[in-house]
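Report on the structure
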Amino acid sequence: MKVSIILAAGEGTRMKSKVPKVLHEILGRPMLFYVLNACKKASTEKNIVVVGHNKEKVKEKFHDETDVDFIEQPIGEGFPYGTGFAVSNAVSEINDDDTVIILNGDTPLISDSTIDCFLKYHECRENAMTVLTADMPDPTNYGRIIRDGDANIKAIVEEKDANEKEKLIREINSGIFAFKGSALKYAIDNLNTDNAAGEMYLTDALEILVSAGEKVGSFKIKDPHEILGVNSRYELSNTSEILRDKINKEYMINGVTLIDQKSTYIELGAKIEEDVTIYPNTYIDKKSVIKTGTVIYDSKIYNSTIDEGVTIKSSEIESSTVGSGTTVGPYAHLRPNSNVGKNCKVGNFVEIKNSNVGDGSKMSHLAYVGDADIGCDVNIGCGVVFVNYNGREKFRSVVGDHAFIGSNSNLVAPLEVEENAYIAAGSTITKKVSKGQLSLERAEQKNIDGWVLRKGFMK
Ligand code: UD1
Ligand code: CA
């Protein structure tokens, strides 16, 4: 059986955070998600995650993940620390003839195809242990690969333990290893904490197996980006940038135009159809669906479905749906559970919440629509407020088809305005308005002759 062991028990001190390192997010998902996802997509049949520091938080975040076994590394006085000790807690799950891949939970860019190639190489060579390595332009803080005169890999030296000459080596340990089950068990039994950090290093397994006369090898990856380790916020940001480019490239290959891919953030999982155009400063989350012909400028879209041929400008849309041909913004906000129909207009500074808006309805400027069911071809004037809250409870309003709601009126819920009703501008409506009625609620206008002259205000 092929088994993966992902190490996620470390403290992550260099992140300077209360959040466990592997839960720090890259494009809307915790780092650990990407490593697990790559393992699941690759050919591994069993996935083990070793948790320790903040284990409850990590397990909670992944509680709905199926086919993952969490194993606990005891932390604290009396227990050693380090990647070797982390693995030692999982070896009871391993059979002698298993192939085991060990990965760090802080190496989120690793791909399933690399994992599969690496495991194939390891198995074909019948190695006891294979190390995934890379030539890094800047190898600082990584373990360095030591080779003998015949270029055979023989040891890994951690930065803290390396001498000046070893520090110059640019070939590094990715932290990803393949082991034959029996060899892993043997190596783990022979680890010690005899090093500068006083930790039980998994990397020492290499020297242990070499000394035991076992066959070891290495597999050098061409693109070192895939094995970048994230130990600090700076590395988190660099890794995010690489992942963003990679995701964006996929969408572009599939027919999406990104005007400025460097300022476009799309989470893995978003469904975006061909011929969608996305302008700079846009964020689209993993649960969103954007259909063909839609154009998005400078907007944030979360958990929403945007139908064909929609235009969205400088707006934020959360957990909502927008029908085909509708225009949204600039500066509109669709809050959760807003369903806007086809060919609608949701214009400047309009906020909609928990409402349904029928096809062809328009609210072009400065309106608040909360808890309302609005029919088709309704016109909502500038400054209209659906007064849905009395300080304690929320109430709904219903507006029928073809109704006209004059500018600057307040509709105080619960309220019904029937189809083809008219509300005069500036009215505060509290009672039902029936089909075809005009409802007017404001003081009568008085014009006083000569008043300005009498007051001495005339210029
Ligand atoms: C490790 C490697 C280094 C390699 C680098 C690649 C060792 C000793 N060093 O260094 O050779 O170049 O990764 O990124 O293995 N962890 C536990 N339990 C622990 C300690 C750590 O589960 O007791 C986990 C961490 O959560 C992390 C991973 O192991 O996901 C690596 O630990 P980290 O401290 O980041 O190791 P590096 O110093 O990066
Ligand atoms: Ca690391």
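Here, the structure is the one placed above.
Only a predicted model underlies this, so the values are computations on that prediction, with no experimental measurement involved.

Looking at the calcium ion (ligand 2), the protein donor atoms are D106 (OD) and N231 (OD1), and they sit 2.2 to 2.4 Å from it. Here D106, found in the loop between β6 (99–104) and α4 (112–125), pairs with N231, found in the loop between β11 (216–220) and α8 (233–253); they are 125 residues apart in sequence, far enough to count as distant. By relative accessible area, which is 11% here, D106 ends up buried.

This part is about the site of ligand 1. In the vicinity of ligand 1, 22 residues are found, and the nearest of them are L7, G82, T83, E158 and N173. D106 places a side-chain nitrogen or oxygen 3.0 Å from an oxygen atom of ligand 1. Within the backbone of N173, a nitrogen or oxygen atom sits 2.6 Å from an oxygen atom of ligand 1. For ligand 1, the protein covers 92% of the area, taking 760 Å² as the surface of the free molecule. Of all the secondary structure elements, the ones that give two or more residues to the shell around ligand 1 are β1 (2–8), α3 (83–88) and β10 (171–180). Residues that form the shell around ligand 1 fall into these classes: seven nonpolar, 11 polar and four charged.

Next up on the list: the sheet that holds strand β38 (residues 415–417). Ordered by their spatial adjacency, nine strands build an open sheet running β14-β17-β20-β23-β26-β29-β32-β35-β38, and the pairing between neighbours is parallel. Where the open sheet ends on each side, the last strands, each with one partner, are β14 (271–272) and β38. Here two bridges tie strand β29 (residues 356–357) to strand β32 (residues 372–374), and the two strands are oriented parallel to one another. Looking at the pairing, N356 lines up with D373 of β32.

An α-helical turn contains 3.6 residues, so any two residues separated by three or four positions project in the same direction. When we look at burial in helix α6 (residues 181–189), the residues that qualify are G181, A183, L184, A187 and I188. All buried residues of α6 lie within an arc of 160° about the axis, which places them on one face of the element.

Here N248 lies in helix α8. Setting aside its immediate chain neighbours within four residues, N248 contacts L258, Q261, T264 and I266.

The subject of this paragraph is the state of the cysteines. Cysteine pairs can be linked by a disulfide, which is a covalent bond between their two sulfur atoms. Taken as a whole and judged by the stated rule, the model has zero disulfides. Looking at C117, it has no disulfide partner, and the nearest cysteine sulfur is the one in C124, 11 Å off. In this structure C382 is not part of a disulfide, and its nearest cysteine sulfur, from C344, lies 18 Å away.

Taken as a whole and assessed by the stated rule, the structure comprises 11 aromatic pairs. Centre to centre, the rings of F177 and F179 are 6.2 Å apart; their planes meet at 50°, and the pair counts as tilted. F179 carries the same exposure label as F177, and that label is buried. A centroid spacing of 4.9 Å and a plane angle of 15° characterise the contact between F404 and Y422, whose relative ring orientation is stacked. Of the two residues, F404 sits in strand β36 (residues 404–405) while Y422 sits in strand β39 (residues 422–423), which places them 18 residues apart along the sequence. Relative accessible area serves as the criterion here: at 31%, F404 is assigned to the partly exposed category. Ring pairs connect the aromatic residues F118, Y121 and F219, which therefore count as one cluster.

Another aspect to go through is the sheet that holds β39. Pairing is parallel in the open sheet, where 11 strands are placed in the order β12-β15-β18-β21-β24-β27-β30-β33-β36-β39-β41. Of all the strands in the sheet, the pair left with one neighbour each is β12 (257–258) and β41 (438–439).

Let us look at the pattern of salt bridges. The tally for this structure, following the rule as stated, stands at 20 salt bridges. For D245, the salt bridge is made with R244, and the minimal N-O distance between the two is 3.2 Å. The class of R244 is buried, set by a relative accessible area of 6%. Salt bridges sharing common partners tie together K55, K59 and E72.

Before going further, it helps to examine unusual backbone geometry. Cis geometry marks the peptide bond from G329 to P330; its omega dihedral reads 0°. Mapped onto the fold, P330 is located in the loop between β24 (327–328) and β25 (333–334). The step from A413 to P414 runs through a cis peptide bond, and the omega angle for that step is 0°. The residue P414 is located in the loop between β37 (410–412) and β38 in this model. Even without glycine at this site, D67 takes up a positive phi of about 40°. By the secondary structure assignment, D67 is in the loop between α2 (55–61) and β5 (69–72). According to the relative accessible area criterion, D67 is exposed, its value standing at 53%. Notably, N354 is not glycine yet its phi reads approximately 45°, a positive angle. Mapping N354 onto the fold places it in the loop between β28 (351–353) and β29.

Before going further, it helps to examine a negative patch on the surface. Together, E273, E274, D275 and E308 make up a negatively charged patch on the protein surface. Locating E273 in the fold gives a position in the loop between β14 and β15 (277–278).

With 14 residues, α4 extends 20 Å between its outermost C-alpha atoms, agreeing within 8% with the 20 Å of an ideal straight helix rising 1.5 Å per residue. Those residues of α4 not exposed but buried are T114, I115, F118, L119 and H122. Looking straight down α4, one finds that the buried residues subtend no more than 125° of arc, so they occupy a single side. For α4, the exposed residues set more than 90 degrees away from the buried face come down to K120 and C124.

How each quantity is defined
- Residues numbered from 1 in each chain as written.
- Chains lettered and ligands numbered in written order.
- Predicted model: local features only at pLDDT ≥ 70, side-chain atom pairs only at ≥ 80, totals over all residues.
- Heavy atoms only, no water.
- Donors = N, O, S within 2.8 Å, 3.2 Å for Na, K, Ca; no water.
- Helix = DSSP H or I, 4+ residues; strand = E, 2+ residues; numbered from the N terminus.
- Buried < 20%, exposed > 50% of the residue type's maximum accessible area, 1.4 Å probe, protein only.
- Near = heavy atom within 4 Å.
- Polar contact = N/O pair within 3.5 Å; in protein donor to acceptor, adjacent residues only side chain to side chain.
- Areas by Shrake-Rupley, 256 points an atom, 1.4 Å probe, with all protein chains shown as cover.
- Nonpolar A, V, L, I, M, F, W, Y, C, P; charged D, E, K, R; others polar.
- Pairing = 2+ DSSP bridges.
- Arc of directions from axis to C-beta.
- Contact = heavy atoms within 4.5 Å.
- Disulfide = S-S within 2.5 Å.
- Phe/Tyr/Trp six-rings, centres within 6.5 Å; stacked < 30°, edge-to-face > 60°.
- Salt bridge = Lys/Arg side-chain N within 4 Å of Asp/Glu carboxyl O.
- Patch = residues over 30% accessible without salt bridge, like charges linked within 9 Å, V, L, I, M, F, W, Y side chains within 5 Å.
- Lys, Arg positive; Asp, Glu negative; His and termini not counted.
- Charge placed at Lys NZ, Arg CZ, Asp CG, Glu CD.
- Expected span 1.5 Å × (residues − 1).

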